[in-house]
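Below, each chain spelled out in residue letters.
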2 protein chains.
Amino acid sequence: MNEPIVVDSVTALRTQVRDWRQAGLRVAMVPTMGALHDGHISLVRIALERAERCVVSIFVNPTQFAPTEDLDKYPRQLARDLDRLRDAGAHLAFTPGVTEMYPAGFATKISVGGPSGGLETDFRPSFFDGVATVVAKLFVQAAPDCAVFGEKDYQQLCVVRQLCRDLDLPVEIIGAPTVRDAHGLAMSSRNAYLGEAELEIARKLNAVLRQTAARLAAGADETGVTSAAMEALVQAGFRKVDYIAAREAATLAPWRRDRDGRLLAAAWLGTTRLIDNVEIRSA
Amino acid sequence: MNEPIVVDSVTALRTQVRDWRQAGLRVAMVPTMGALHDGHISLVRIALERAERCVVSIFVNPTQFAPTEDLDKYPRQLARDLDRLRDAGAHLAFTPGVTEMYPAGFATKISVGGPSGGLETDFRPSFFDGVATVVAKLFVQAAPDCAVFGEKDYQQLCVVRQLCRDLDLPVEIIGAPTVRDAHGLAMSSRNAYLGEAELEIARKLNAVLRQTAARLAAGADETGVTSAAMEALVQAGFRKVDYIAAREAATLAPWRRDRDGRLLAAAWLGTTRLIDNVEIRSA
């Protein structure tokens with residue numbers, strides 16, 4: 001495998017991607033915050049199926065963390081990330097510093113409505129502003145043909161689609177299935193915070209979601225089964241459940257039984273917050 | 001003169017500009033709300049000095065009007081505008097409808113801080129959100145090399161520069177001197193709302209600003225001379241003065257005497273709101 005090109009300036013990124021595109025090569029982007037795991041690598045693989053060149057950004061974006069959140073302790077392991085990207089066949093790693101992305105005097109914020117309403121926003125009010133702003137910057141900087149986002153962050157995927165549509169960003173957004181361990185736990189950089197006993201509990205999140213989605217698809221009452229699911233998670237050892245909610249899959253509007261649905265959840269294990277989501281198959 | 005190409009879809013705009021750029025032609029953009037006057041035409045001339053192709057957008061952007069403002073009565077005269085653009089040598093007029101720019105479900109807002117603080121924002125709180133959002137869309141849609149904005153809307157020019165810097169939009173922003181009538185009145189589409197007697201009064205705005213800027217440059221007290229200037233405008237027949245304020249020219253931060261300054265004003269003649277600004281030459 002060739003080593004990926006590593007650049008930390010917007011100018012170098014832009015020049016390389018422009019050269020590729022002018023040579024007729026299709027370019028895919030995978031925005032990440034590093035601490036790469038098998039979920040990220042699956043995004044790179046999908047990117048390489050869709051394009052001749054794959055750019056991976058590694059940037060722990062401070063504007064999507066609240067002051068109380070885990071910005072400082074968020075795992076950073078660049079050398080290991082670059083090894084994984086080389087093994088996966090990515091062509092370029094964009095590793096900007098904070099001042100490259102947010103120079104002194106930076107003062108702009110992008111707010112996306114629609115699918116950002118509720119769910120994560122109820123608990124992380126500025127999160128999607130931070131995501132939308134950095135993703136718009138990355139897309140304007142790199143000008144890729146397409147970009148791959150994991151369905152693990154399902155609401156984020158919907159927000160990014162809305163962002164591109166609203167700002168006319170000519171980037172095709174590809175949603176990628178969540179990668180899970182053998183017990184159903186969704187891959188997440190935050191799993192690194194969990195001890196062995198907590199991992200056991202964490203694995204129940206997906207199981208409870210799948211059961212609940214099956215009950216919803218079979219016609220069960222939405223309020224009843226989501227309340228029961230929250231109770232089941234607390235019984236299993238979760239400290240707190242932020243939400244379990246059924247939404248329309250395409251828009252994240254309230255779910256209607258005649259539309260494809262998505263069941264989304266966020267819950268706390270100790271000081272670690274986990275999210276997951278599953279499809280609700282329409283009957 | 002050749003007729004300008006007229007397109008009303010983003011796809012057609014994007015295709016034409018891409019063709020020009022791929023042919024090695026530099027493309028300049030002049031965003032307007034139509035009702036073109038000599039001020040706009042001067043922007044087209046400057047664009048044609050800087051680029052081989054000039055795109056002019058004509059779009060009365062609803063998101064920069066407050067519900068109480070003049071969106072419905074804002075002058076619209078497309079046929080006349082196209083005649084003027086042909087005479088000026090513009091190559092393409094982009095005339096999207098509202099649903100082309102803001103399709104059903106549109107939900108994104110761009111907020112630029114920094115130079116947007118105070119001045120217009122004190123009186124039109126959502127104005128620059130509307131401007132920033134539509135300008136970002138136009139730049140992403142057209143992908144011009146440069147764009148020309150008039151210094152008449154000086155705060156807007158500063159906000160657009162900040163927007164491009166913050167979102168990494170690769171568009172060079174060119175500020176163009178304000179075009180005035182023989183009596184100093186800045187050209188504005190809103191001058192069309194004024195009767196002959198009001199036009200006489202309107203011409204005092206620039207004279208008062210020039211006198212006041214000269215006094216500031218000569219060392220006069222800022223609060224004293226700006227208060228006197230507001231009083232002078234009311235005496236001259238203005239119904240109300242929203243602000244007269246000295247700011248640092250580059251950032252619109254509070255003016256310091258060792259920096260280049262700008263004196264900016266907004267005032268009402270009957271139901272018409274006029275703005276203007278002049279340089280404060282440092283001593």
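Residues numbered from 1 in each chain as written. Chains lettered and ligands numbered in written order. Predicted model: local features only at pLDDT ≥ 70, side-chain atom pairs only at ≥ 80, totals over all residues. Heavy atoms only, no water.

Looking up chain A in an unreviewed UniProt entry gives the name Pantothenate synthetase, with the organism given as Mesorhizobium australafricanum. The record in UniProt for chain A states the following under Catalytic activity (unreviewed entry): "(R)-pantoate + beta-alanine + ATP = (R)-pantothenate + AMP + diphosphate + H(+)". Taken directly from UniProt, the Sequence similarities (unreviewed entry) text for chain A runs: "Belongs to the pantothenate synthetase family." (UniProt positions renumbered as here; feature names shortened; annotations may be inferred.)

J.: Sorry, what's going on with the sheet that holds strand 4 (residues 92-94) of chain B here?
T.: To summarise the sheet geometry, strands pair through backbone hydrogen bonds and adopt either a parallel or an antiparallel arrangement. Residues and elements named next belong to chain B. An order of 1-4-3-2-6-7 is seen for the six strands of this open sheet, with the pairing classed as parallel. The outermost strands of the open sheet, each flanked by one partner alone, are strand 1 (5-7) and strand 7 (172-176). The mean angle between the axes of side-by-side strands here comes to 25 degrees, regardless of whether they run parallel or antiparallel. In the sheet, strand 3 (residues 53-58) pairs with strand 4 via three bridges, with the strands oriented parallel. For valine 56, the partnering residue across the bridge sits in strand 4 and is alanine 93. Of the strands in this sheet, strand 2 (27-32), strand 3, strand 6 (146-150) and strand 7 are in contact with helix 2 (residues 38-50), which crosses strand 6 at around 150 degrees. Helix 6 (residues 127-142) contacts strand 2, strand 3, strand 4, strand 6 and strand 7 of the sheet and is inclined by roughly 150 degrees relative to strand 2. (Pairing = 2+ DSSP bridges. Helix = DSSP H or I, 4+ residues; strand = E, 2+ residues; numbered from the N terminus. Axes fitted to C-alpha atoms, helices over the stretch in contact; angles between N-to-C directions. Contact = heavy atoms within 4.5 Å.)

J.: Teacher, can you tell me more about the environment of B:Glu279 here?
T.: Residues and elements named next belong to chain B. Mapped onto the fold, glutamate 279 is located in strand 10 (residues 272-280). The spatial distance from the C-alpha of glutamate 279 to the C-alpha of alanine 214 is 9.2 Å, given a sequence separation of 65 residues. When residues no more than four places from it in sequence are discounted, the contact partners of glutamate 279 are Ala213, Gly261 and Arg262.

J.: Would you take a moment to explain the packing of aromatic side chains for this structure?
T.: Counted by the stated rule, this structure contains twelve aromatic pairs over all chains. On the numbers, 6.1 Å between centres and 45 degrees between planes, the contact of B:Phe59 with B:Tyr102 is tilted. In this pair, B:Phe59 sits in the loop between strand 3 and helix 3 (78-88) while B:Tyr102 sits in the loop between helix 4 (98-101) and strand 5 (108-112), placing the two residues 43 residues apart along the sequence. In this pair, the class of B:Phe59 matches that of B:Tyr102, namely buried. Taken together, the ring pairs connect A:Phe59, A:Tyr102 and A:Phe106 into an aromatic cluster. Above the face of the A:Phe127 ring, A:Arg124 is positioned so that its terminal group lies 4.2 Å from the ring centre. Taking the ring centre of B:Tyr193 as reference, the NZ or CZ of B:Lys73 above it sits at 4.1 Å. (Phe/Tyr/Trp six-rings, centres within 6.5 Å; stacked < 30°, edge-to-face > 60°. Buried < 20%, exposed > 50% of the residue type's maximum accessible area, 1.4 Å probe, protein only. Lys NZ or Arg CZ within 6 Å of the ring centre and 35° of its normal.)

J.: How do you make sense of the packing of helix 8 (residues 196-217) of chain A against helix 9 (residues 222-236) of chain A when you look at a structure like this?
T.: The axes of two packed helices give the description: the angle between them and the distance between them. Residues and elements named next belong to chain A. Where helix 8 meets helix 9, the axes come as close as 10 Å, and the angle between the chain directions of the two elements is 165 degrees. Looking at the two axes, helix 8 sits roughly antiparallel to helix 9. The crossing of helix 8 and helix 9 is right-handed. Along the contact surface, helix 8 presents Ile201, Lys204, Leu205, Val208, Thr212, Arg215 and Leu216, while helix 9 presents Glu222, Val225, Ala229, Ala232, Leu233 and Ala236. Counted by class, the contact of helix 8 with helix 9 contains nine nonpolar, one polar and three charged residues. (Parallel < 35°, antiparallel > 145°, perpendicular 65-115°, else oblique. Left-handed = near helix turned anticlockwise from the far one by under 90°. Nonpolar A, V, L, I, M, F, W, Y, C, P; charged D, E, K, R; others polar.)

J.: What's the story with the UniProt feature "binding site: beta-alanine" (unreviewed entry) in chain A in this structure? I'm lost.
T.: Residue and element names in this part refer to chain A. Using the residue numbers shown here, the UniProt feature "binding site: beta-alanine" (unreviewed entry) corresponds to Gln64. Looking at the element boundaries, glutamine 64 is found in the loop between strand 3 (53-58) and helix 3 (78-88). Ignoring anything within four residues of it in the chain, the contact list for glutamine 64 reads Met33, Glu69, Arg124, Phe127, Gly130, Val131 and Val134. Side chain to side chain, glutamine 64 and asparagine 61 meet in a polar contact 2.8 Å long. (Polar contact = N/O pair within 3.5 Å; in protein donor to acceptor, adjacent residues only side chain to side chain.)

J.: Explain the interface of chain A and chain B here, please?
T.: Accessible area lost upon the coming together of the parts is a frequently used measure of interface size. At the junction of the two partners, chain A supplies 22 residues and chain B supplies 22 residues. Both faces considered, chain A and chain B share a buried interface measuring about 1,800 Å² in area, 52% of it formed by carbon and sulfur atoms. At the boundary of chain A and chain B, one finds two salt bridges. With a shortest N-O distance of 2.7 Å, B:Asp168 and A:Lys137 are connected by a salt bridge. For the pair chain A and chain B, the number of links is 18 residue pairs in polar contact (both at pLDDT 80 or more). For the side of chain A that touches chain B, the secondary structure elements donating two or more residues are helix 1 (10-22), strand 5 (108-112), helix 6 (127-142) and helix 7 (154-167) of chain A. (Buried area = accessible area lost by both parts, 1.4 Å probe. Salt bridge = Lys/Arg side-chain N within 4 Å of Asp/Glu carboxyl O.)

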